[in-house]
Structure formats: C-alpha cells, structure tokens
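Chain by chain, the residues run as shown.
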Amino acid sequence: MSNTIKSEIKFNIELDENRVPEKLTWSAQDGGVVAEEAKAIMLSIWDSKAQETMRIDLWTKDMPVDEMKIFFHQTLVAMADTFKRATDDEKMSDTMKDFCDYFAEKLELTKQ
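A brief structural summary. Quantities reported herein were computed from a predicted structural model and do not represent experimental measurements.

Looking at the pattern of salt bridges
- The full count for this structure, using the stated rule, is 7 salt bridges.
- Across the pair E22 and K61 runs a salt bridge, and its minimum N-O distance is 3.1 Å. With E22 in strand β2 (residues 21-28) and K61 in the loop between β5 (52-59) and α1 (65-87), the pair connects residues that are 39 residues apart, well separated along the chain.
- Linked through salt bridges whose partners overlap, the residues forming this network are D16, E22 and K61.

Right, here's the structure in full:
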C-alpha cells in the first residue's frame with residue numbers, strides 16, 4: 001500500500017439573490033491559507049477522457065475593471081511560465097510572453 005498524501009483547496013462563493021458572486025474566499029491548509037478573500041477566480045481542469053478543458057471563471061460584482069485587466073495580464077504571464085515548465089518549449093513560451101507584453105502595452109499596464 002502506498003503512502004499517498006492528500007491536500008485540499010476550498011473555494012467558498014457567497015451569491016446575491018441573482019446568483020452573482022458577492023464574496024469569494026479560499027483556503028489551502030497545507031499552504032497556511034484560511035478563508036482569504038479574493039475578487040476573482042479562474043480555474044481550468046483537464047478532462048483526459050473527453051480531451052477538453054473545463055473552466056470555472058468567477059469574479060465579484062465589485063471587482064474593478066482596472067484590476068481585472070491586471071489579473072488577466074498576470075494570469076497570461078503565469079500561463080507562459082507554466083507552459084515552459086510543463087513542455088520545455090522555450091520558443092513558444094517566449095512567443096506567449098511577447099503577446100503578454102503586447103497585451104500590457106495595449107491596455108497601458110506597463111509602467112513608464
């Protein structure tokens with residue numbers, strides 16, 4: 001019998017009467033995170049049998065648009081880094097980062 005370790009990440013979503021998220025919190029006991037508030041969550045799950053990605057994208061109704069733009073930019077940069085680690089495809093990772101730079105420039109997210 002193998003000694004497997006289990007870890008749990010929890011998301012709690014408080015909805016208004018129209019089922020729109022008002023409050024998002026998450027906990028990850030192994031990481032020392034307990035009921036930390038968040039304004040947005042993007043979660044992708046790979047279904048190997050169906051060969052497709054399932055997604056959960058949530059954000060609170062008071063998430064500012066300027067913060068959403070930054071959130072997307074940082075998520076895209078992280079995806080490029082993760083792609084490099086997962087595939088060792090440096091050329092495509094660099095191409096993805098070039099797009100991230102373009103994205104930041106067009107949204108005027110770059111610092112002067």
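Here we look at unusual backbone geometry
- Of note in this structure, A35 is not a glycine but carries a positive phi near 50°.
- Residue position: A35 is located in strand β3 (residues 33-38).
- With a phi close to 55°, E108 is a non-glycine residue in the positive phi region.
- Along the chain, the position of E108 falls in the segment after α2 (90-106).
- Classification of E108 by relative accessible area gives exposed; the value is 71%.

Things to note about α1
- Compared with an ideal rise of 1.5 Å per residue, which puts 23 residues at 33 Å, α1 spans 32 Å between its outermost C-alpha atoms and is within 8% of the ideal.
- For α1, the set of buried residues is M68, H73 and A80.
- Residues of α1 that are buried in the fold lie against β5 and α2.
- Within two residues after α1, D88 carries a phi angle of roughly 60°, on the positive side.

What to know about a negative patch on the surface
- A grouping of D89, E90, D94, D98, D101 and E105 is seen on the molecular surface, where their side chains present a negatively charged patch.
- Position of D101 relative to the elements: it lies in helix α2.

Observations concerning the environment of L58
- With respect to the secondary-structure elements, L58 resides in strand β5.
- By relative accessible area, L58 is classed as partly exposed at 23%.
- Distance from L58 to K23, taken between C-alpha atoms, is 10 Å for residues 35 residues apart in sequence.
- Those residues in contact with L58 that sit more than four places away from it in its chain are I13, P21, L24, K39, A40 and I41.

So, the pairing of β2
- Relative to β2, strand β1 (residues 9-15) runs antiparallel, the two being bridged by 7 bridges. Opposite I13, over in β2, you have L24 as the bridge partner.
- Pairing analysis gives 4 bridges linking β2 to β3, with the strands arranged antiparallel. What sits directly across from W26, in β3, is E36.

Cut-offs and rules
Residues numbered from 1 in each chain as written. Predicted model: local features only at pLDDT ≥ 70, side-chain atom pairs only at ≥ 80, totals over all residues. Heavy atoms only, no water. Salt bridge = Lys/Arg side-chain N within 4 Å of Asp/Glu carboxyl O. Helix = DSSP H or I, 4+ residues; strand = E, 2+ residues; numbered from the N terminus. Buried < 20%, exposed > 50% of the residue type's maximum accessible area, 1.4 Å probe, protein only. Expected span 1.5 Å × (residues − 1). Contact = heavy atoms within 4.5 Å. Patch = residues over 30% accessible without salt bridge, like charges linked within 9 Å, V, L, I, M, F, W, Y side chains within 5 Å. Areas by Shrake-Rupley, 256 points an atom, 1.4 Å probe, with all protein chains shown as cover. Lys, Arg positive; Asp, Glu negative; His and termini not counted. Charge placed at Lys NZ, Arg CZ, Asp CG, Glu CD. Pairing = 2+ DSSP bridges.

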